[in-house]
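# Report on the structure
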Amino acid sequence: MLISSSVMANKEKLDQPSHKEEGSPAEPRRYLVNVDSISTNQLFTDCLVIGAGIAGLRAAIEATDPRSNRGCNVIIVCKGTIQDSNTWQAQGGIASVLDKEDSFESHTADTLTTGCGISNKKIVESVVRQGPELIKQLLQWGATFDLIDGHIAMTLEGGHSRPRIAHAHGDETGRVIAETLIEKVRQNPNIKVIENFFAIDLLTEDNKCTGIIGYDKHRGLQIIWSADIILATGGAGQLYRETTNPETATGDGIAMTYRAGAILRDLEFVQFHPTTLYVAGASRALITETLRGEGAVLLDSNGRRFMKEYHEAAELAPRDVVSRAILAQMLKTGSTHVYLDVRHFDKAYFTKRFPMISELCESFNIDVSRNLIPVRPSAHYMIGGVNTDMKAATSIKNLYACGEAASTGLHGANRLGSNSLLEGLVFGKIAGQNVSQGTKTTAAHIRRSPIRYRIPHSDRTRLDTADVRNSLRALMWRNVGITRKAQPLKEAEEIIRFWQRYVMDKVFDSPAGWECQNMLTVSLLIIRAALERAESRGVHFRSDFPETDDEHFKKHIEILKGV
Ligand SMILES: Cc1cc2nc3c(=O)[nH]c(=O)nc-3n(C[C@H](O)[C@H](O)[C@H](O)COP(=O)(O)OP(=O)(O)OC[C@H]3O[C@@H](n4cnc5c(N)ncnc54)[C@H](O)[C@@H]3O)c2cc1C
């Protein structure tokens, strides 16, 4: 593993690496499975999109744009059903300048402030400016955003200086956007969706991506050759015991691009959401930030409101501040959680405005007009990812990345609430556009030397991957969580390297094994980046280096597989 830190010389420009680290003996091998491109089932397409969240769906639609040079045929693969994505779960909304009182300058300034000095200003400006048009397009395609007096209703979230969050069906914004895009995709004869297809590895030749090897639930191993590949595999919340993310979010895209030799960036920045439901046995369902935007307050186990002691914006402080404050207050009071108080809301309004949360609370016998909602922070969003440029291009030719899997430079060291759906929409479009406007290479023209890759047989015993996965998630939560410190980070690194020794040399034949290998790989990369960043910035808080150190760390941390 080679880590290099790229200095923010004049904010957008990346300098030469300033630090190198020698490769580790536990590097994953190039492919997780044996590859034989002659005897494996094969498909061909002009553009392959891996992932069917907001970024992948939007990219696919754009790649088939009939006005473009190429008029591509697109295959979208997703590892579960088309509904299994972070996008489908998104509640609060999508941030954009849709109100006359608001301005691009203000949204840009809020995003840059939250990013703590390492966002890419050009990217921020470009994303913010493209937002309104793309949201209006969603409306034209049938998305039913909530309206007030015929205009899109806007709400406030922490870190935004004005109400700027558009929402749909109350707190079901992600589902409404996903359904709109899925419908558009279904109507498009040039897009084919393959569900239950697990992308295992990117195939490359001379630093050019030519396709993937994957596993189709019904057909087994399969190769898909493609002139262009768009990676939109989403985040990695499942690396942590406590997470808002669905089971699909195991960081596969990050791990496979690492194995393929792409540059990854800013992996130390994992955002924790301050308020997820804390009821034993329940999944950590998110309780959207817009609740606090609309007046919900946080109380500790003694019933005291405490946020004002930590930040002047109280409950509307940035997410990292609220998450750390909750953790500190839990420690102070010896409690496992704090509470959200919405008892002062009008119950009928609450049920209409937050239908998903109402139903969730009711299912645990929490009557929000009388009871407090128990909450604690959980891993929520992967800020780092595959390094991309303004065109969503990665460091590997013909490979684009967008959405949560990418590191575009929009979020810097912290993500402003509701900016991720926006980023997926904008960069999905950009990735698709660049594919559709690219040179007229089609599936038939991809140069393909046969690939044969054989992995030596491992005599190691059978593995319980579910046990490794659970142990890893607990370790990551304990040692690589909201606050970090050198010693626990190093301890986690050592333990994961030990697990890697016997997990990584196995050849698995189903997604559970590949996910486990990917999760170990990405966890280790996060730890290495977290150790390297010996300062506190945005969501990365080092209790042994609690200050921000601009002199040494106003820069990105890039990771490239040691070759
Ligand atoms: C509970 C929750 C609430 C949120 N609320 C908001 C909000 O209000 N506003 C906001 O802006 N953001 C919100 N977010 C974040 C936002 O939803 C995500 O960042 C965004 O939807 C990511 O979109 P994406 O297209 O990049 O990835 P996803 O939507 O996660 O889609 C990833 C796709 O990749 C596929 N995939 C992954 N690995 C593989 C593989 N190996 N092979 C094949 N397919 C694969 C998955 O099956 C899936 O189809 C929320 C997130 C969660 C979890």
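Predicted model only: the values in this text are computed from it and were never measured.

As a further point, take the overall build of the protein. For the protein, the helix and strand inventory stands at 15 helices and 25 strands. Taking 24 Å as the expected radius of gyration for a compact globule of 563 residues, we find that the protein reaches 23 Å, a close match to that expectation. For the protein, the spread of C-alpha atoms along the principal axes amounts to about 65 × 55 × 50 Å. Burial analysis of the protein (563 residues in total) assigns 62% to the buried set. A fraction of 75% describes how many contacts in the protein between residues 6 or more apart in sequence connect residues 24 or more apart. Carbon and sulfur atoms make up 49% of the accessible area of the protein, which totals about 21800 Å². A gap of 3 Å separates the mean positions of the 67 positive and 67 negative side-chain charges of the protein.

Attention now moves to the site of the ligand. Neighbouring the ligand are 37 residues; Thr-87, Gly-92, Gly-93, Glu-404 and Ser-420 lie closest to it. A distance of 3.1 Å separates a nitrogen atom of the ligand from a polar backbone atom of Lys-79. At 2.9 Å, a backbone N or O of Leu-421 approaches an oxygen atom of the ligand. Burial of the ligand by the protein amounts to 98% of the accessible area it has alone, namely 1000 Å². Where the shell around the ligand is concerned, the elements lending two or more residues are helix H1 (54–63), helix H2 (86–89), strand E11 (197–205), strand E18 (373–382) and helix H11 (419–436). Taken together, the residues of the shell around the ligand break down into 14 nonpolar, 18 polar and five charged.

On to the sheet that holds strand E5 (residues 94–95), then. Reading across from one edge, E5-E9-E8 is the order of the three strands in this open sheet, with antiparallel pairing throughout. Edge strands, defined here as strands with exactly one partner in the open sheet, are E5 and strand E8 (154–155).

With 15 residues, helix H8 (residues 319–333) should cover 21 Å at 1.5 Å per step; its first-to-last C-alpha distance of 21 Å lies within 8% of that length. After H8 finishes, the residue Gly-334 shows a positive phi value of roughly 65 degrees.

Turning our eyes to something else, we now look at helix H10 (residues 355–363). Buried residues of H10: Ile-357, Ser-358 and Cys-361, and no others. The buried side chains of H10 occupy one side of the element, clustering within an arc of 100 degrees when seen end-on. The exposed set on the far side of H10, more than 90 degrees from its buried face, consists of Glu-359 and Ser-363. Of the residues trailing H10, Asn-365 is marked for its positive phi of about 60 degrees.

Mapped onto the secondary structure, Phe-553 falls in helix H15 (residues 550–553). Among all residues touching Phe-553, those that are not within four sequence positions of it are Glu-532, Arg-533, Ala-534, Glu-535 and Arg-537.

Our next topic: the packing of helix H12 (residues 465–479) against helix H13 (residues 486–503). Viewed as axis vectors pointing N to C, H12 and H13 meet at an angle of 165 degrees, and their least axial separation amounts to 10 Å. Between H12 and H13, the angle falls in the class roughly antiparallel. Crossing handedness for the pair H12 and H13: left-handed. Along its contact with H12, which presents Val-468, Ser-471, Leu-472, Leu-475, Met-476 and Asn-479, the element H13 presents Pro-488, Leu-489, Glu-491, Ala-492, Ile-495, Ile-496, Trp-499 and Val-503. Per-class residue counts for the contact of H12 with H13 are eleven nonpolar, two polar and one charged.

What follows covers the pattern of salt bridges. Working definition: two side chains of opposite charge can pair if their charged atoms are close together. Under the defined criterion, the tally for this structure stands at 34 salt bridges. A salt bridge links Asp-36 to Arg-452; the shortest N-O distance between them is 3.9 Å. Placement of the pair is Asp-36 in strand E2 (residues 35–36) and Arg-452 in strand E22 (residues 452–453), with a sequence separation of 416 residues. Of the residues examined, Arg-452 reaches a relative accessible area of 61% and is grouped as exposed. Taking the shortest distance from any N to any O, the salt bridge between Asp-341 and Arg-343 comes out at 2.9 Å. Given a relative accessible area of 38%, Arg-343 falls into the partly exposed group.

Tallied over the full model, the rule gives nine aromatic pairs. Ring geometry for Tyr-240 against Phe-272: centres 5.3 Å apart, planes inclined by 80 degrees, an arrangement best described as edge-to-face. Here Phe-272 lies in strand E15 (residues 270–277) and Tyr-240 lies in the loop between strand E13 (220–231) and helix H6 (252–260), a separation of 32 residues in the sequence. Look at Tyr-240 and you get buried, because its relative accessible area is 1%. Overall, Phe-272 belongs to the buried group, its relative accessible area being 4%. Measuring from centroid to centroid gives 6.2 Å for Phe-306 and Tyr-310, while their planes differ by 90 degrees, and the two rings are edge-to-face. The rings of Phe-198, Tyr-215 and Trp-514 are connected pair by pair, giving a single aromatic cluster.

Moving on, we come to the side chain of Glu-242. Along the chain, the position of Glu-242 falls in the loop between E13 and H6. Residue Glu-242 is classed as buried on the basis of its relative accessible area of 4%. Here Arg-241 takes part through its side chain, which lies 3.0 Å from a polar atom of the side chain of Glu-242. Once residues lying within four places of it in the same chain are set aside, the contact partners of Glu-242 are Arg-284, Arg-376, Pro-377, Ser-378, Ala-379 and Trp-477.

Cut-offs used in this document
Residues numbered from 1 in each chain as written. Predicted model: local features only at pLDDT ≥ 70, side-chain atom pairs only at ≥ 80, totals over all residues. Heavy atoms only, no water. Helix = DSSP H or I, 4+ residues; strand = E, 2+ residues; numbered from the N terminus. Rg over C-alpha atoms; globule rule 2.2 N^0.38 Å. Buried < 20%, exposed > 50% of the residue type's maximum accessible area, 1.4 Å probe, protein only. Contact = heavy atoms within 4.5 Å. Areas by Shrake-Rupley, 256 points an atom, 1.4 Å probe, with all protein chains shown as cover. Lys, Arg positive; Asp, Glu negative; His and termini not counted. Charge placed at Lys NZ, Arg CZ, Asp CG, Glu CD. Near = heavy atom within 4 Å. Polar contact = N/O pair within 3.5 Å; in protein donor to acceptor, adjacent residues only side chain to side chain. Nonpolar A, V, L, I, M, F, W, Y, C, P; charged D, E, K, R; others polar. Pairing = 2+ DSSP bridges. Expected span 1.5 Å × (residues − 1). Arc of directions from axis to C-beta. Axes fitted to C-alpha atoms, helices over the stretch in contact; angles between N-to-C directions. Parallel < 35°, antiparallel > 145°, perpendicular 65-115°, else oblique. Left-handed = near helix turned anticlockwise from the far one by under 90°. Salt bridge = Lys/Arg side-chain N within 4 Å of Asp/Glu carboxyl O. Phe/Tyr/Trp six-rings, centres within 6.5 Å; stacked < 30°, edge-to-face > 60°.

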